[in-house]
Amino acid sequence: MQISLSLNAVLDRIDYSTFEGELGVRNVTGVASLEDAQRGDASFVASAKYLEDLKKSEASLVVLSKDLEAEPRPGQLFLRVDNPSIEIAKLCELISQRMWVKPEAGIHQLSSIDPTAEVDPSACIEAFVTIGAGARVGAGCVISSGCFIGPACELGDDCYLGANVTLERDTVIGKRVRIHSGVVLGSDGFGYEFEGGRHRKVPQVGSVFVGDDVEIGANTTVDRGRFGPTRIGEGSKIDNLVQIGHNVTVGKHNILCAQVGIAGSTKLGDYVVMGGRAGASGHIEIGSGAQLAGQCVAFSDLEGGAKYGGAPAIPLVAYQRITVITRRLPELFKRLTQLEKQLLRD
Amino acid sequence: MQISLSLNAVLDRIDYSTFEGELGVRNVTGVASLEDAQRGDASFVASAKYLEDLKKSEASLVVLSKDLEAEPRPGQLFLRVDNPSIEIAKLCELISQRMWVKPEAGIHQLSSIDPTAEVDPSACIEAFVTIGAGARVGAGCVISSGCFIGPACELGDDCYLGANVTLERDTVIGKRVRIHSGVVLGSDGFGYEFEGGRHRKVPQVGSVFVGDDVEIGANTTVDRGRFGPTRIGEGSKIDNLVQIGHNVTVGKHNILCAQVGIAGSTKLGDYVVMGGRAGASGHIEIGSGAQLAGQCVAFSDLEGGAKYGGAPAIPLVAYQRITVITRRLPELFKRLTQLEKQLLRD
Amino acid sequence: MQISLSLNAVLDRIDYSTFEGELGVRNVTGVASLEDAQRGDASFVASAKYLEDLKKSEASLVVLSKDLEAEPRPGQLFLRVDNPSIEIAKLCELISQRMWVKPEAGIHQLSSIDPTAEVDPSACIEAFVTIGAGARVGAGCVISSGCFIGPACELGDDCYLGANVTLERDTVIGKRVRIHSGVVLGSDGFGYEFEGGRHRKVPQVGSVFVGDDVEIGANTTVDRGRFGPTRIGEGSKIDNLVQIGHNVTVGKHNILCAQVGIAGSTKLGDYVVMGGRAGASGHIEIGSGAQLAGQCVAFSDLEGGAKYGGAPAIPLVAYQRITVITRRLPELFKRLTQLEKQLLRD
């Protein structure tokens, strides 16, 4: 993360109204929390509760809300802005562009590309990548080392695959899809029929279809459909170690946090949010805009536009109330026993 | 999934009693749900509740139960059968055989095979595969790109390894075992002794033993035993992102759904079923035929042949009853408080 | 695990007080449980409840507590010790050293090392490894096949990476760190801002920092920080399939069991223990020495030095009490209804 941004580059990017103090270093060398910031770093303050941290911070450049009462120390530059979080994100984007230099186009000589595969000349195929028969890789794609792209897969333009990603055959992904390291898309769905004391495999001849602008976190798995596709809708963001079963439909612009699990054939609408380790059993529907708290698991259909908690999922407010009351169960038992004694006495 | 089956090939495979209508296309080009089916596709109807979907379906060939009241549209062929689900699975198997053409035998030149390893000439070793000293790979095995097969591993005949699978040294797997992409078998068990303020590693010198006809889902992990083997019994099927700790014994013909976790030294009998994200703590026994619902976690021994729910696991019926009652806790508190008031008044 | 230890090698290692009987084989050929042991194997007995197993065991060498009443059979050697578990661990260590012969130093010719990377000549780089620009690999490191070490990564001396491990750019790991197969360190944190109906990515320009003597289990994922590092403290041990979110700080000498999940920006103190599938939501602090039982999830700050259970986490004793009482809820409802009837009658 050793970068170097001139003050001009920073000022060009950030939407500030006024400034105070002056930058005591030649260049901005990073972004950090107030606590972690060293000389040269930029940081930000969004709320008055961090003003104490600000006093102790080594940050050379601080992006802060207009209304906060604070003064720069010598060699410290303050930029006053409307929304510090958004402005610092712009700075991170600038840093990000310097850090992640796009690798040169071309195919590494230590790779294994089927002669019938079509790889756009502007794509970058790193070492130890396998691309199967009839697969297509779009313009500007970056395929990191160790990836496996099976036969008949299709990748739209400007996709990024981290290292050791596996796309099983027939997987189709849209444009600007980011798939992090270790992800497996298109492994067989989990389907068996019990016959004569053994589990006989039900063939899984479907595929996986991923829309534009989807991001999928490290080591997540998405199974291929039994016959139709398993679908991840446009703009959805999926965190690490998530499991998506066969024939599932994830709608558009969903947020699925880490360790979520969705069992087979379940349908999620658009703008669904599932917190960490939330889940859904198979063959159910979760309506658009539903929000499941962390650890919440839907065992039956959930209406959209509402918040849920618990397993099985119930409305969040009811769940929170029950959680509080559950802790009072020992008291409840005592009170009940007390009443019984009293009645017996009477 | 672009396939093409002649009507004769389909009729040879499916066990139908009568047919109605006629096929309006030259060949069957896929299998799909009623909803997804396009012209050329085969589909199936197993229950009257899908008859409305059937009316709107584009499917050219429909496999349906004898007793369902429906008539084919022009260009649509109905095959009447006893069990539509089983018959369509046969068709999928046929498609599957066309799709997954077995790759040619031989060892890719961009692979790293120890000279002391024994690879059967009928096996297919894809690119970027490493096979360690003394390892043996049986007849007809397919080892996909990026796999690592450590020293002294043994693979029986006709095994399939997806891409980027890791078998640590000494792992022994039987015949016809299917291991999906990203799986790790034989990583160190999690064992430490606390000594002088530090966790000292307990060496893990056991191995992993996998029986015939086992299937293991993507990114699942199975640790090697402390000294003896961790065992997965014949015919057991394990889904994605499952964790099996060291010294565990999974019996024969188990079903372990996605995100299940089994802690060290626990023993599962035969025909155990564990739903999604079910679990078992360490050093316990779960009897043959026990069925744990999704999210159910065993904290102590469970008798076989029964169904369980909850964490800690209790009999499923009791768990369901408690789940329902728990939701009435606010009401319970109100009623109790009411009673107390009444008694005070008296 | 085919090894062969002379009796002298064994006796040199084990701290025994007396012995009984004599070894009926030339060499000790392995370590096994009493049940699994075959002729030639060593085993151990730590408690009287295993004396029946001992009678049936084929073990040739048995390490057992001084006070246990048992006699060796012909060809069986007993070594009497203070702590059989610790003594057998020493024997396992000896076996481990024979099994895991350190591979020869050097860089495999089928690897892809950036010319600006610095790899110590005593390190072993196996086949199909990628090392990026400016990365440094310390003395004595073993990097197994298929690993990806991104630009600007740093590995201290004597680290071990299993197969197909991914270290994204800027990841810094200390000395003697063991990272098992399939692990991903430094993938993007999960951060988005919702704008105009879409989730806009918040750039993740931080890194991952791993202290000395850390061990990380198979297929575990640790995200890079938003700007600062995600930290894993010295001596901490992390099991398989664990998720650590961005900006998390894991303190020193923690134990995180399999399937644990820690959401972003949470801080764990030192000597924290989290059982299987325990968890913590984001932006909270868990004090040093806190112990979370399996499945326990912290939704708010937890004080150190105490034991917790449940989700949301509460003190373990209270949780256990509530768990027991919850099972009596049907009875509670009956008793309450009974009281109500009685009062109505009065």
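Residues numbered from 1 in each chain as written. Chains lettered and ligands numbered in written order. Predicted model: local features only at pLDDT ≥ 70, side-chain atom pairs only at ≥ 80, totals over all residues. Heavy atoms only, no water.

Visitor: What is the right way to read the overall build of chain A from this model?
Guide: Counting its secondary structure elements, chain A contains five helices and 40 strands. Over its C-alpha atoms chain A spans a radius of gyration of 26 Å, topping by over 25% the 20 Å that the globule rule assigns to 346 residues. Counting the 346 residues in chain A, one finds 58% classified as buried. Pairs at least 24 apart in sequence give 20% of the contacts found in chain A among residues at least 6 apart. With 35 positive and 42 negative side-chain charges, chain A shows a spacing of 7 Å between the two charge centroids. (Helix = DSSP H or I, 4+ residues; strand = E, 2+ residues; numbered from the N terminus. Rg over C-alpha atoms; globule rule 2.2 N^0.38 Å. Buried < 20%, exposed > 50% of the residue type's maximum accessible area, 1.4 Å probe, protein only. Contact = heavy atoms within 4.5 Å. Lys, Arg positive; Asp, Glu negative; His and termini not counted. Charge placed at Lys NZ, Arg CZ, Asp CG, Glu CD.)

Visitor: How should the interface of chain A and chain C be read in this particular structure?
Guide: When the parts come together, some accessible area is lost, and that loss is often what is quoted as the size of the interface. Facing the 66 residues of chain A at the interface are 71 residues of chain C. Interface of chain A and chain C: buried area, both sides summed, is about 5300 Å²; carbon and sulfur atoms make up 61% of it. For the chain A face of the interface with chain C, the top three residues by lost area are A:Phe128, A:Phe333 and A:Leu343, together amounting to 12%. Counting the contacts that link chain A with chain C gives eight salt bridges. The partner of C:Arg200 in a salt bridge is A:Glu93, with the nearest N and O atoms 3.1 Å apart. (Buried area = accessible area lost by both parts, 1.4 Å probe. Salt bridge = Lys/Arg side-chain N within 4 Å of Asp/Glu carboxyl O.)

Visitor: So what exactly am I meant to see when it comes to the sheet that holds strand E6 (residues 61-65) of chain B here?
Guide: Strand-to-strand pairing in sheets goes through backbone hydrogen bonds, with the strands running parallel or antiparallel. Residue and element names in this part refer to chain B. An order of E2-E7-E6-E5-E4 is seen for the five strands of this open sheet, with the pairing classed as mixed. Lying at the two open borders of the sheet, with one neighbouring strand each, are strand E2 (16-21) and strand E4 (30-31). Of the strand pairs in this sheet, E4 and strand E5 (residues 41-45) are connected by two bridges, and their pairing is parallel. Across the sheet, residue Val-31 finds its bridge partner in E5, namely Ala-42. (Pairing = 2+ DSSP bridges.)

Visitor: What's the story with the pattern of salt bridges in this structure? I'm lost.
Guide: Note on pairing: side chains with opposite charge can pair once their charged atoms come close. A complete count under the given rule lists 66 salt bridges over all chains for this structure. For A:Glu35, the salt bridge is made with C:Lys267, and the minimal N-O distance between the two is 3.7 Å. On the criterion of chain membership, the pair formed by A:Glu35 in the loop between strand E4 (30-31) and strand E5 (41-45) and C:Lys267 in strand E33 (residues 267-268) is interchain, its members lying in two chains. A salt bridge links C:Lys90 to C:Glu87; the shortest N-O distance between them is 3.2 Å. Of this pair, C:Lys90 and C:Glu87 are both found in helix H3 (residues 84-99), three residues apart, which corresponds to roughly one turn of the helix. By relative accessible area, C:Glu87 is classed as buried at 6%. Through salt bridges with shared partners, one network takes in A:Arg13, A:Glu93, C:Glu195 and C:Arg200.

Visitor: Is there a simple way to think about the relation of the copies chain A and chain C in this case?
Guide: Each of the two chain copies can be generated from the other by rotation about an axis followed by a shift along it. Rotating chain A by 120 degrees and moving it 0.0 Å along the rotation axis overlays it on chain C with an RMSD of 0.1 Å. With respect to symmetry, the two chain copies, as superposed, fit the operation of a three-fold axis. (Least-squares fit on C-alpha atoms with pLDDT ≥ 70 in both.)

Visitor: Which parts of the structure should I look at to understand helix H5 (residues 329-345) of chain C?
Guide: In an α-helix, one turn spans 3.6 residues, which is why side chains three or four residues apart end up on the same side. When the terminal C-alpha atoms of H5(C) are compared, their 24 Å separation across 17 residues agrees well with the 24 Å that a helix rising 1.5 Å per residue should span. Residues of H5(C) that are buried sit in contact with helix H5 (329-345) of chain A, helix H4 (316-326) and helix H5 (329-345) of chain B together with helix H4 (316-326) of chain C. (Expected span 1.5 Å × (residues − 1).)

Visitor: Mind showing me how you'd approach the packing of H5(A) against H5(B) here?
Guide: Packed helices, taken two at a time, are described by their axes: the angle between them and the distance between them. The N-to-C vectors of H5(A) and H5(B) enclose an angle of 35 degrees; their axes lie 11 Å apart at closest approach. In terms of crossing hand, the pair formed by H5(A) and H5(B) is left-handed. Across from A:Leu329, A:Glu331, A:Leu332, A:Arg335, A:Leu336, A:Leu339, A:Gln342 and A:Leu343 in H5(A), the residues of H5(B) making contact are B:Leu329, B:Leu332, B:Phe333, B:Leu336, B:Thr337, B:Leu339, B:Glu340 and B:Leu343. Per-class residue counts for the contact of H5(A) with H5(B) are 11 nonpolar, two polar and three charged. (Axes fitted to C-alpha atoms, helices over the stretch in contact; angles between N-to-C directions. Left-handed = near helix turned anticlockwise from the far one by under 90°. Nonpolar A, V, L, I, M, F, W, Y, C, P; charged D, E, K, R; others polar.)

Visitor: Could you clarify how one ought to interpret the sheet that holds strand E6 (residues 61-65) of chain C in this entry?
Guide: Across the sheet, five strands lie side by side as E2-E7-E6-E5-E4 (chain C); this open sheet has mixed pairing. Two strands in the sheet have a free side with no partner beyond their single neighbour: strand E2 (16-21) and strand E4 (30-31) of chain C.

Visitor: Honestly, the UniProt feature "active site" (unreviewed entry) in chain A in this entry has me stumped. Any pointers?
Guide: Residue and element names in this part refer to chain A. UniProt records the feature "active site" (unreviewed entry) at His-246, using the numbering of this structure. Tracing the sequence through the fold places His-246 in the loop between strand E29 (243-244) and strand E30 (249-250). Not counting the four nearest positions on each side in its chain, His-246 is found in contact with Gly-189, Phe-190, Gly-191, Gln-204, Asp-223, Arg-224, Gly-225, Arg-226, Thr-230, Gly-264 and Ser-265. (UniProt positions renumbered as here; feature names shortened; annotations may be inferred.)

Visitor: Explain the interface of chain C and chain B here, please?
Guide: Across the boundary between the two partners, chain C contributes 66 residues, which contact 69 residues of chain B. For the pair chain C and chain B, the summed buried area comes to about 5300 Å², and 61% of that belongs to carbon and sulfur atoms. Among the residues chain C hides against chain B, the three largest losses belong to C:Phe128, C:Phe333 and C:Leu343. Together they make up 12% of the total. Put simply, chain C and chain B have eight salt bridges between them. Applying the counting criterion to the chain C and chain B interface returns 26 residue pairs in polar contact (both at pLDDT 80 or more). At 10 residues, H5(C) tops the list of elements feeding residues into the side of chain C that touches chain B. Split into classes, the residues belonging to the side of chain C that touches chain B amount to 32 nonpolar, 20 polar and 14 charged. (Polar contact = N/O pair within 3.5 Å; in protein donor to acceptor, adjacent residues only side chain to side chain.)

Visitor: Would you take a moment to explain the environment of A:Tyr192 for this structure?
Guide: Mapped onto the fold, A:Tyr192 is located in strand E22 (residues 192-195). Given a relative accessible area of 17%, A:Tyr192 falls into the buried group. Once the C-alpha coordinates of A:Tyr192 and A:Val297 are considered, the two residues, 105 residues apart in sequence, prove to be 24 Å apart. Apart from the residues within four sequence positions on either side, A:Tyr192 is in contact with A:His199, A:Arg200, A:Lys201, A:Val202, B:Glu215, B:Lys237 and B:Ile255. Within the local environment of A:Tyr192, its side chain forms a polar contact with the side chain of B:Glu215, the two groups lying 2.9 Å apart.

Visitor: I would appreciate a short explanation of the packing of aromatic side chains in the present structure.
Guide: When we look at a pair of aromatic rings, we describe it by the centre distance and by the angle of the planes. All told, the structure shown has 15 aromatic pairs over all chains when counted by the stated rule. Summarising the aromatic geometry, the rings of A:Tyr16 and A:Phe19 are spaced 6.4 Å apart at their centres and angled 65 degrees between planes, so their arrangement reads as edge-to-face. The exposure class assigned to A:Tyr16 is partly exposed, which follows from its relative accessible area of 28%. Clustering of aromatic rings is evident, with ring pairs tying together A:Phe128, B:Phe128 and C:Phe128. Here the guanidinium or amino end of A:Arg169 rests over the ring plane of B:Trp100, the centre of that ring lying 5.7 Å away. (Phe/Tyr/Trp six-rings, centres within 6.5 Å; stacked < 30°, edge-to-face > 60°. Lys NZ or Arg CZ within 6 Å of the ring centre and 35° of its normal.)

Visitor: What am I meant to see in the pairing of strand E23 (residues 198-201) of chain C here?
Guide: Residue and element names in this part refer to chain C. Across four bridges, the pairing between strand E22 (residues 192-195) and E23 is antiparallel. Paired with Phe-194 across the bridge in E23 is His-199. Turn length for the E22-E23 hairpin, with the two strands adjacent in sequence and antiparallel, is two residues, and the turn residue Gly-196 shows positive phi of about 60 degrees.

Visitor: What exactly am I supposed to notice about the state of the cysteines here?
Guide: Defined simply, a disulfide is a covalent bond joining two cysteines at their sulfur atoms. Under the defined criterion, the tally for this structure stands at zero disulfides over all chains. Left without a disulfide partner, A:Cys92 is nearest to the cysteine sulfur of C:Cys153, which lies 20 Å away. Cysteine A:Cys141 remains unbridged, with the sulfur of A:Cys159 as its closest cysteine sulfur at 4.5 Å. Since its relative accessible area comes to 0%, A:Cys141 is described here as buried. (Disulfide = S-S within 2.5 Å.)

Visitor: It is not clear to me how the domain arrangement of chain A should be interpreted in this structure. Could you clarify?
Guide: As far as domains go, chain A holds domain 1 (5-99) and domain 2 (168-319). Using only C-alpha atoms to locate each centre, domain 1 of chain A and domain 2 of chain A end up separated by 39 Å. (Domains from an automatic or database assignment.)

Visitor: How do you make sense of H5(B) when you look at a structure like this?
Guide: The set of residues buried in H5(B) consists of B:Leu329, B:Pro330, B:Leu332, B:Phe333, B:Arg335, B:Leu336, B:Leu339 and B:Leu343. Buried residues along H5(B) sit in contact with helix H4 (316-326) and H5 of chain A, H4 of chain B together with H5 of chain C.

Visitor: So what exactly am I meant to see when it comes to the side chain of C:Ser111 here?
Guide: Here C:Ser111 is to be found in the loop between strand E8 (106-107) and strand E9 (112-113). Judged by relative accessible area, which is 12%, C:Ser111 ranks as buried. A polar contact of 2.6 Å, which involves the side chain of C:Ser111, links it to the backbone oxygen of C:His108. For C:Ser111, the contacting residues outside a window of four places in its chain are A:Leu110, A:Phe128, C:Glu126, C:Phe128 and C:Val129.

Visitor: Hey, could you run me through unusual backbone geometry in this one?
Guide: For residues besides glycine, phi is generally negative; the peptide bonds are generally trans as well. In the segment running from A:Ala311 into A:Pro312, the intervening peptide bond is cis, with an omega of 5 degrees. With respect to the helices and strands, the residue A:Pro312 is situated in the loop between strand E39 (307-309) and strand E40 (314-315). Unusually for a residue other than glycine, B:Ala152 sits at a positive phi of about 65 degrees. As for its placement among the helices and strands, B:Ala152 is situated in the loop between strand E15 (148-149) and strand E16 (154-155).

Visitor: What is the right way to read the side chain of A:Glu87 from this model?
Guide: Within the local environment of A:Glu87, its side chain forms a polar contact with the backbone nitrogen of A:Asp15, the two atoms lying 2.9 Å apart. The contact partners of A:Glu87, leaving out residues within four places of it in the chain, are A:Arg13, A:Ile14, A:Asp15, A:Val63 and A:Val81.

Visitor: Explanation requested: the environment of B:Ile232 in the structure shown.
Guide: Mapped onto the elements, B:Ile232 comes out in strand E27 (residues 229-232). Accessibility expressed as a relative area gives 1% for B:Ile232, which makes it buried.

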